[in-house]
Each structure stands twice: as structure tokens, then as C-alpha cells.
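A look at the structure
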Amino acid sequence: MAVPVAFFALFFAYPVTAIVGRGFRTDDGWRFGRIGEVLGRPDILDVLWFTTWQALASTALTLLIALPGAYVFARFAFPGKQVLRAVVTVPFVLPTVVVGTAFLAVLGRGGLLDELWGVRLDTTVWAILLAHVFFNYAVVVRTVGGLWSQLDPRQEEAARVLGAGRFAAFRRVTLPALVPAVAAAALMVFLFTFTSFGVVQILGGPAYSTLEVEVYRQTAQLLDLPTAAVLTLVQFTAVGAILAVHAVAVRRRERALKLVDPAQTSRRPRGAGQWALLGGVLLTALLLILLPIGVLVERSLDGPGGYGFGYYRALQSAGSGATSTFLVPPLEAVGNSLRYALVATLIALVVGGLAAAALTRRAGRLVRGFDALLMLPLGVSAVTVGFGFLITLDKPPFDLRTSWILVPLAQALVGVPFVVRTMLPVLRAVDERLREAAAVLGASPLRAWREVDLPLVRRAVLVAAGFAFAVSLGEFGATVFIARPDTPTLPVAVARLLGRSGELNYGQVMALSTILMLVCAVSLLLLERIRTDRSGEF
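Okay, so let's go over this structure.

Basis of the calculations
Residues numbered from 1 in each chain as written. Predicted model: local features only at pLDDT ≥ 70, side-chain atom pairs only at ≥ 80, totals over all residues. Heavy atoms only, no water. Helix = DSSP H or I, 4+ residues; strand = E, 2+ residues; numbered from the N terminus. Buried < 20%, exposed > 50% of the residue type's maximum accessible area, 1.4 Å probe, protein only. Contact = heavy atoms within 4.5 Å. Areas by Shrake-Rupley, 256 points an atom, 1.4 Å probe, with all protein chains shown as cover. Phe/Tyr/Trp six-rings, centres within 6.5 Å; stacked < 30°, edge-to-face > 60°. Patch = residues over 30% accessible without salt bridge, like charges linked within 9 Å, V, L, I, M, F, W, Y side chains within 5 Å. Salt bridge = Lys/Arg side-chain N within 4 Å of Asp/Glu carboxyl O. Lys, Arg positive; Asp, Glu negative; His and termini not counted. Charge placed at Lys NZ, Arg CZ, Asp CG, Glu CD. Axes fitted to C-alpha atoms, helices over the stretch in contact; angles between N-to-C directions. Parallel < 35°, antiparallel > 145°, perpendicular 65-115°, else oblique. Nonpolar A, V, L, I, M, F, W, Y, C, P; charged D, E, K, R; others polar. Left-handed = near helix turned anticlockwise from the far one by under 90°.

Along its length, the chain carries 23 helices and four strands. Looking at the chain as a whole, 52% of its 538 residues qualify as buried. Counted over contacts in the chain with a minimum sequence separation of 6, partners at least 24 positions apart contribute 78%. Here the chain has roughly 24,500 Å² of accessible surface; of this, 64% comes from carbon and sulfur atoms.

Below is the structure:
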């Protein structure tokens, strides 16, 4: 536990505490009365209200659209099912700036809807809600569908034999078993949309602001640290409550159900109704997922002189004079992102692997608290973490503000929770008697781990590395503060180009976003080939 605790203390707790402390500390002492002052402001109340209701609306809309897909993936067997499963999961690993850019190509000025019908939905709440459904569709399909595929259908069939109608049998037998999974998925969707940053910033415009966006505005643009500190505490408290409720829902699901092999519950669709349902899910995947991605790729190729790779070639030049957005060619951001993500993945594997091993071999309140500590980066504004890096890691021996390692460290903070959650179930499944037998035969603890644990968890390590790499590649909230102008990452490069007008900048945004999407999609497809979770859940 020593290395993970030291890592989180230095690169998470210290920066966040420092930034919040500066917001409450004055020359006359601490002023915690600022909490009431800030929360009483009408503009802040509007931000809190919009953050909450758009998260609720996004969650409800995602469940409405994704639950039929969860049923189809759970109960139907059809050609191309595994490919479609990977396709609908691609949005989940895409950076939020790419999601925002893709929907901008469909809903924004000069977008597909604007060209066909003269309709624009950017800077409206509908664009935000649809992008959130796009991003979180796979959360519901994989989480609920994974459990649904393991429920024994004979229980519902027995209810039908005893006289219950189709709907009554589902309501009284299947639905109660699914409620914990649906609740867990809904809470995760609410969490992701409650802390939404890139999607709201790109599609919402100045009219809409979530807590995360407002923290960025108060910190980076207005330099109002007291307001940013209060909003950080509010978000941290809210997300902590969400994670606590989610943990209860997950434990309830794990304890209450007896599951069967998913292969026993999947069959080809029967009857017109089931085929219509399958067709509806395929149409939803086409319009909701493939259409934005396809339009993004098409716009990246549609140059002034016709279709070609003109915008991609333009990424090789930094421009000059007042029109220059970068100190280096934007294409260098690809190499920067890959290098940063690889280093961040290595850090996340070491820290997360040690943490998972500690959680496997120990029990008690201390370890439960340590487990909660690992999830804290999901509950604190990434903007706060990034700005905290700048104001704390500026003195020896940790003067890292000009060091390239700062970006991978920030990215690793987000990757560690994914590593722990991927490796922990597999490590807990290793029979302790195998380690004891190795020890009896004279193996040292290190050799026992190398000879017993590592072969059994090798695939889990690869899956964890894939998730950490994809998440690190798309991290934006903290990186936007600490990425140097001469070494931007792909998400930061996309955001910079979006801030400039002009057809060339717009085309380069589409080209960079397409490159970033392809890298993330390839990572996901590799994950699908090596994943070890047969239940189909994350």
C-alpha cells in the first residue's frame, strides 16, 4: 500500500488540498463563510440547477434508448453480434472533445442537419443530451445486458406456465432481478453526465455551464479561486454520495442472484416482434453512434478542392504569424499523446497493480478506506487537479512545472481506478492455496507472485492496460492546464483549433478528432479480443 498511498498523497491530495485551501484562506485567516456566499449567488444556483437536471434528463434518456439494446445483446444471437458490441462500446472510450466535435459536425453550423434542413441544435440542451446518450449508451448495454444474459430464462417461463402474462412475468420475475443492475448503470451514467466538461463546453456554448465547466471558467478565465474552491467541494460531496450509493447497489446485485452461463440464454430472434426489436436496435446504433462518427470522418476529408487528405496534410504545418494556433505542427500532438499515454499507462499499472494486490491480501476498515481513496479522482474536478499541479509542484524537490512527466502523472490518476477495478476481481479469484503451496516449496513471495499470480492475471493486466491507455489518451480537464504549448496532446490540440474560426481550422479539428477516434477504437478492438470477463460487463 505504500507506493499507491504516496502517489495519491503527492499527486492528488496535496494539489487538491492546496487549491481548495487558497480559496478559503485570507490574510485574516480562514473564511468558510464563503460557502454560503457563493452558493447564495443566483448565477451559481443556475449552474447547480442545470448540472443536476441535465444529468437526470441524460440518465433517463439513456436508459430509455439503451435498455432495448441491453435486451437484444443479452437474449438474441445474430451474425456480427461481437462486432456490433465493440462498435457500441467505442463511444465510451472516446475523449469528450471528440464526442463534442462529432456532434458538432452533425448538429452545428454547416453540419449535416444544417445542410439538409437548415436546422441547428448546437448551443441547445438537446445537443448536450444526445451527446451524453451517445457517450453512455454502452454503459447501460454492457452493465445491464451482461447481467440479463446470465439470468435463467426458465424462471420467467415457469411464471408463464403458471398463468402469468408476458408483461406480468417480466415485471414480477425478471425486473426485480435487474433493478440493482439498472440502478448501478443509472448511477454511473448520472456520475459521468454530472461531471461533464468537454461535451458541455463544445456543444453548450456560453449559455450552459455544468459545475465542471464553471470551475474551469472561474479558475482559468476569472482567477476566482474562492468560488472555484466552493464549487469543487460541492462536486466532490455530490460525487462521493453517488459513488457510495453505487457501491451499495453493486453489492446488492452480487449477493442476491444466482447466474447461469450466457451461452445458455442466447438464441435467434423468433417472430415479427423480436425481429422488429432487433431492427430497431440496429437502426438506433446506426443513427446514434455510426452517423456522428461517419460524418466526422467525412468532414475531415471534405476539403475546399473536394474530397482528399488536404486537412490531414495541413496538420503538418504550424502556420505563421497571427493566424498560427500552435508553436509546432498539430500532427506532432499525435506522437505527444501516444508517448504520454504509454508512460501514464505504465504508471497506472504499477500503482493500480500494487493497490489491487494490497486489497486482495488484506481486509478491514483501513483497506476499505484505501479502496475508497482510489476512486477519489473520479469525484474531484480534473480542472482542479490540473490547476493544483501548477501551484504546488513548483518547488524542489518536486518542481515539475516544466517537466514532461507532469502530463502522464495527471493522466495516470484517472487510469488507476480502471486498473484496480479490472485486476481486483481476477486477483481475488486466485486460490490462496496455490500461493501457500509455492511458499512451502521454497518460493519467495516475489517468485510466488511471478509463477502463480502473474500467469493467471496476465490477460487482466492487458485489459487494464488497454483501458488505462484509452482513458489517458483522451484526458482533457487536467491536461488543458499543464500541457506545454510546444507539446500539446490531441484533446488539447482539438480544443485550441475549436477556439479559432475559419474553414481550415474546422477541417483540422475534424482530422485530428478522426485520428484520435481511430487510435481509441483500435485500443478497444484489441480489448475485445483479450477481455476475460465472460459476463460482458465492464
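The structure having been displayed, the exposition proceeds.
In this section: the environment of L107. Within the element layout of this structure, L107 appears in helix 5 (residues 96-107). Taking the C-alpha atoms as reference points, L107 and D122, 15 residues apart in sequence, are found 5.7 Å from one another. Not counting the four nearest positions on each side in its chain, L107 is found in contact with L113, V119, R120, L121, D122, A127 and L130.

Our focus in this paragraph is the environment of A131. Tracing the backbone shows A131 in helix 7 (residues 125-148). For the pair A131 and T101, spaced 30 residues apart in sequence, the C-alpha to C-alpha distance is 10.0 Å.

Another aspect to go through is the packing of aromatic side chains. Inspection of every chain in the model, using the stated rule, returns 16 aromatic pairs. Measuring from ring centre to ring centre gives 5.2 Å for F103 and F134, while their planes differ by 75°; the resulting arrangement is edge-to-face. Residue F103 is found in helix 5, and its partner F134 is found in helix 7; the two are separated by 31 residues along the sequence. Ring pairs connect the aromatic residues F7, F8, F11, F12 and F389, which therefore count as one cluster.

A surface patch of like charges, here positive, comprises R160, R166, R267 and R270. Looking at the secondary structure, you find R166 in helix 9 (residues 166-194).

This brings us to the packing of helix 1 (residues 2-24) against helix 17 (residues 382-392). Axis separation between helix 1 and helix 17 bottoms out at 8 Å; the angle between their running directions is 85°. As far as their axial angle goes, helix 17 and helix 1 are roughly perpendicular. Only T384, V385, F387, G388, F389, I391 and T392 of helix 17 make contact with helix 1, whose side of the interface consists of F11, F12, Y14, P15, V16, A18, I19 and R22. A breakdown of the residues in the contact of helix 1 with helix 17 according to their chemical character gives eleven nonpolar, three polar and one charged.

This brings us to the pattern of salt bridges. Counted according to the given criterion, the structure contains six salt bridges. Among the salt bridges present, the one from E115 reaches R299, with a minimum N-O distance of 3.1 Å. Taken together, the positions of E115 in helix 6 (residues 112-117) and R299 in helix 13 (residues 271-301) put the pair 184 residues apart, joining distant regions of the chain. Between R299 and E298 there is a salt bridge, with the nearest N and O atoms lying 2.9 Å from each other.

With that settled, the discussion passes to the packing of helix 5 against helix 7. Two elements in contact, helix 5 and helix 7, have axes separated by 10 Å at closest approach and are oriented at 125°. Taken together, the axes of helix 5 and helix 7 are oblique relative to one another. Between helix 5 and helix 7 the crossing geometry is right-handed. Taking contact as the criterion, the partners of T96, V99, F103 and L107 in helix 5 are, on helix 7, A127, L130, A131, F134 and F135. Looking at the contact of helix 5 with helix 7 residue by residue, the classes come out as eight nonpolar, one polar and no charged.

For helix 17, the tally of buried residues reaches ten of eleven residues, placing the bulk of the element in the interior. Turning to helix 17, its buried residues number three or more, namely A382, V383, T384, V385, G386, F387, G388, F389, I391 and T392.

In short, shape yes, function no, at least from these values alone.
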